[in-house]
Amino acid sequence: MRYSANIERLKPSATIAVSTLAKRLAEEGRDIINLSTGEPDFDTPAFISDAAVEGIRGGQTRYTPPAGIPALRKTIAARLSERAGRAVDWAGVVVSSGAKQSLFNAVFSLFGPGDEVLVAAPYWTSYPDLVTLARADAVPVFGPPEDDFKVSPSILEAARTDRTRGLILNTPCNPTGAVYSLDQLTVIARWARERGIWLICDEIYRNIYHEDDRSSAAGLLDVPESAIGDFVLIDGASKSYAMTGWRVGFSYCRSDVAQKMADLQSQVTSNTSTPAQVAALEAFGNVELAWTSVRDMAAAFRRRRDLVVARMRELMPSVPFIKPHGAFYLFFRVDHLFDSEVPDATAWCSRLLEETGLALVPGAAFGDDRWARMSFAASDDVLEEALCRLARIAG
Ligand code: PLP
């Protein structure tokens with residue numbers, strides 16, 4: 001079978017082996033703990049779901065403009081301008097079917113054959129594939145593990161060529177939980193600006209931050225305007241409001257580029273599902289209730305982060321890991337556990353699953369198959385049991 005040139009370059013998902021095995025073992029009646037997924041374990045807050053139901057009953061079930069309901073775009077712009085302390089033009093906001101589509105829109109609108117896009121690594125698994133689908137070349141760039149793999153201008157400069165057109169950064173980061181400070185983000189933004197490089201900053205985990213000092217977790221809009229060149233900010237409702245299945249993300253960038261993204265989206269999917277947009281309008285618009293939900297969920301994730309970190313140190317002192325400052329993943333190193341039958345984390349995760357029933361994601365999905373990722377978006381009991389199972393193999 002001959003597929004299109006775009007699709008020929010698409011690699012099978014690095015998580016497929018483990019997820020297929022997990023499914024088979026579950027069907028065989030095995031007790032599986034699945035900590036491989038990337039979503040909050042909470043339900044969408046009731047005030048958000050209720051708004052969607054009311055919207056449906058009130059007839060909000062028709063097409064909207066491709067870039068989203070204007071009231072939603074304006075509300076998102078209002079939240080962004082509060083954050084930035086300066087006016088944010090709602091014409092730059094495009095609402096999409098999840099942050100994933102926002103990223104697709106950005107990458108497809110900005111990059112193509114011959115372009116290189118630096119991807120801060122370890123990376124969320126879809127970034128390189130999205131770049132590849134646009135027929136540009138993804139170039140993973142790793143920062144030092146001792147600094148949570150965070151990249152800096154000197155590291156980026158070493159990877160830059162005259163074909164470099166973009167940089168994709170994720171803070172807080174999936175899979176490491178690393179968080180860039182304002183200073184770190186500012187020097188990177190300035191580096192990109194001075195070289196005419198588009199900075200795509202994925203801040204989908206922005207509200208899931210585990211430290212007291214909020215100022216050490218910066219977003220792109222905290223960076224002084226004079227330091228920022230061309231950028232696309234990516235965010236959405238999925239992680240902040242436990243709305244993964246609703247599929248609402250957004251991008252914010254220059255309005256001419258936003259218009260191109262909306263044009264692209266109008267040919268691919270048109271508007272994000274209208275009831276989901278109505279729900280998102282409530283999530284982004286009802287600031288008081290939303291803040292309470294976000295605060296409570298973030299507090300639960302922080303408690304679980306503390307639990308997981310403490311238990312890792314107790315039960316598996318020889319397993320190196322990155323202490324997560326944001327998001328809800330623990331990224332830990334497993335190559336000292338490899339042997340001739342288990343030469344990489346993909347095989348190691350299969351062994352772990354087979355022998356203990358614990359499903360994790362091998363580092364191949366994030367660019368380094370010496371590591372593995374465990375989600376801690378689960379109850380304390382489940383996490384305790386998962387860590388005991390992990391210690392059986394890794395302790
Ligand atoms: N960006 C990162 C870093 C993610 O981890 C995810 C989902 O896991 C997404 C984007 C996609 O978010 P959405 O569900 O809004 O498409």
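Calculation rules
- Residues numbered from 1 in each chain as written.
- Predicted model: local features only at pLDDT ≥ 70, side-chain atom pairs only at ≥ 80, totals over all residues.
- Heavy atoms only, no water.
- Pairing = 2+ DSSP bridges.
- Helix = DSSP H or I, 4+ residues; strand = E, 2+ residues; numbered from the N terminus.
- Expected span 1.5 Å × (residues − 1).
- Contact = heavy atoms within 4.5 Å.
- Domains from an automatic or database assignment.
- Buried area = accessible area lost by both parts, 1.4 Å probe.
- Salt bridge = Lys/Arg side-chain N within 4 Å of Asp/Glu carboxyl O.
- Polar contact = N/O pair within 3.5 Å; in protein donor to acceptor, adjacent residues only side chain to side chain.
- Nonpolar A, V, L, I, M, F, W, Y, C, P; charged D, E, K, R; others polar.
- Buried < 20%, exposed > 50% of the residue type's maximum accessible area, 1.4 Å probe, protein only.
- Axes fitted to C-alpha atoms, helices over the stretch in contact; angles between N-to-C directions.
- Near = heavy atom within 4 Å.
- Areas by Shrake-Rupley, 256 points an atom, 1.4 Å probe, with all protein chains shown as cover.
- Core = buried A, V, L, I, M, F, W, Y, C linked by side-chain atoms within 4.5 Å.

Asks: Honestly, the sheet that holds strand S12 (residues 361-362) in this entry has me stumped. Any pointers?
Replies: Two pairing modes exist for strands in a sheet, parallel and antiparallel, and in both the strands are linked by backbone hydrogen bonds. Taken in spatial order, the 4 strands of this open sheet run S9-S10-S13-S12, and their pairing is antiparallel. The sheet is open, and its two edges are formed by strand S9 (321-322) and S12, each paired on a single side. Pairing geometry for S12 and strand S13 (residues 371-375), over 2 bridges, is antiparallel. Residue Val-361 lies in a different strand from S13, and its bridge partner there is Arg-373.

Asks: Got a minute to help me understand helix H13 (residues 380-394) in this structure?
Replies: Side chains that are three or four residues apart share a direction in an α-helix, a result of its 3.6 residues per turn. Look at H13: 20 Å from first C-alpha to last across 15 residues, which is about the 21 Å you get at 1.5 Å a residue. Its buried side turned inward, H13 meets strand S1 (33-34), helix H11 (287-315), strand S10 (329-333), helix H12 (345-356), strand S11 (358-359) and S13.

Asks: Help me understand the domain arrangement of the protein chain in this model?
Replies: Note on interface size: it is often stated as the accessible area lost on association of the parts. For the protein chain, the domain assignment lists domain 1 (14-43 + 290-394) and domain 2 (61-286). Taken residue by residue, the interface counts 29 residues in domain 1 and 29 residues in domain 2. Summed over both sides, the interface between domain 1 and domain 2 buries roughly 2,500 Å², with carbon and sulfur atoms accounting for 58% of that surface. In this structure, the connection of domain 1 to domain 2 is made through 2 salt bridges. With a closest N to O distance of 2.9 Å, Arg-302 and Asp-212 form a salt bridge. Applying the counting rule to domain 1 against domain 2 returns 17 residue pairs in polar contact (both at pLDDT 80 or more). If you list the elements that add at least two residues to the side of domain 1 that touches domain 2, you get H11, S10 and S13. Of the residues belonging to the side of domain 1 that touches domain 2, the class tally is 18 nonpolar, 4 polar and 7 charged.

Asks: Please explain the side chain of Asp-235 as it appears in this structure.
Replies: In this structure, Asp-235 sits in strand S7 (residues 231-236). Given a relative accessible area of 5%, Asp-235 falls into the buried group. Ignoring sequence-local partners within four residues, the contact set of Asp-235 consists of Arg-83, Ala-99, Glu-203, Ile-204, Arg-206, Gly-249 and Phe-250.

Asks: Looking at this structure, how should I read the sheet that holds strand S8 (residues 249-253)?
Replies: Here 7 strands make up an open sheet; going across it, the order is S2-S8-S7-S6-S5-S3-S4 and the pairing mixed. Strands with a single pairing partner mark the edges of an open sheet, and in this sheet they are strand S2 (93-96) and strand S4 (137-142). Taking each pair of neighbouring strands and ignoring which way they run, the sheet shows an average axis angle of 20°. By the bridge criterion, 4 bridges tie strand S6 (residues 198-202) to S7 in an arrangement that is parallel. Bridging across to S7, Leu-199 finds its partner in Phe-231. Of the strands in this sheet, S2, S7 and S8 touch helix H4 (residues 70-84), which is tilted by about 120° from S2.

Asks: What should I look at first to understand the site of the ligand in this one?
Replies: Residues in contact with the ligand amount to 14 residues; listed here are only the nearest, Ala-99, Asp-202, Ser-238, Lys-239 and Arg-247. Take Ala-99: an N or O atom from its main chain is 2.7 Å from an oxygen atom of the ligand. Protein coverage of the free-state accessible area of the ligand, which is 390 Å², stands at 93%. A class-by-class count of the residues in the shell around the ligand yields 5 nonpolar, 5 polar and 4 charged.

Asks: Help me understand the pairing of S7, please; the structure alone is not making it clear to me.
Replies: On a regular strand, each side chain points to the face opposite its neighbour's, so the side chains alternate between the two faces of the sheet. Most of S7 sits inside the fold, with 6 of its 6 residues counted as buried. Here S7 shows two buried faces, one formed by Phe-231, Leu-233 and Asp-235 and the other by Val-232, Ile-234 and Gly-236. Pairing of S7 with S8, which is carried by 5 bridges, proceeds in the antiparallel orientation. Note that in S8 the partner of Ile-234 across the bridge is Ser-251.

Asks: Quick question: what am I supposed to make of the nonpolar core here?
Replies: Inside soluble globular proteins, nonpolar side chains tend to come together where they are buried. Among the nonpolar cores identified, the biggest contains 74 residues, and Met-312, Phe-332, Trp-348 and Leu-390 are the most heavily contacted of them. Each of domain 1 (14-43 + 290-394) and domain 2 (61-286) accounts for three or more of the residues forming this core. Beyond its immediate stretch of four places on either side in the chain, Phe-332 contacts Met-312, Val-319, Pro-320, Phe-321, Trp-348, Leu-360, Arg-370, Trp-371, Ala-372, Met-374 and Leu-390.

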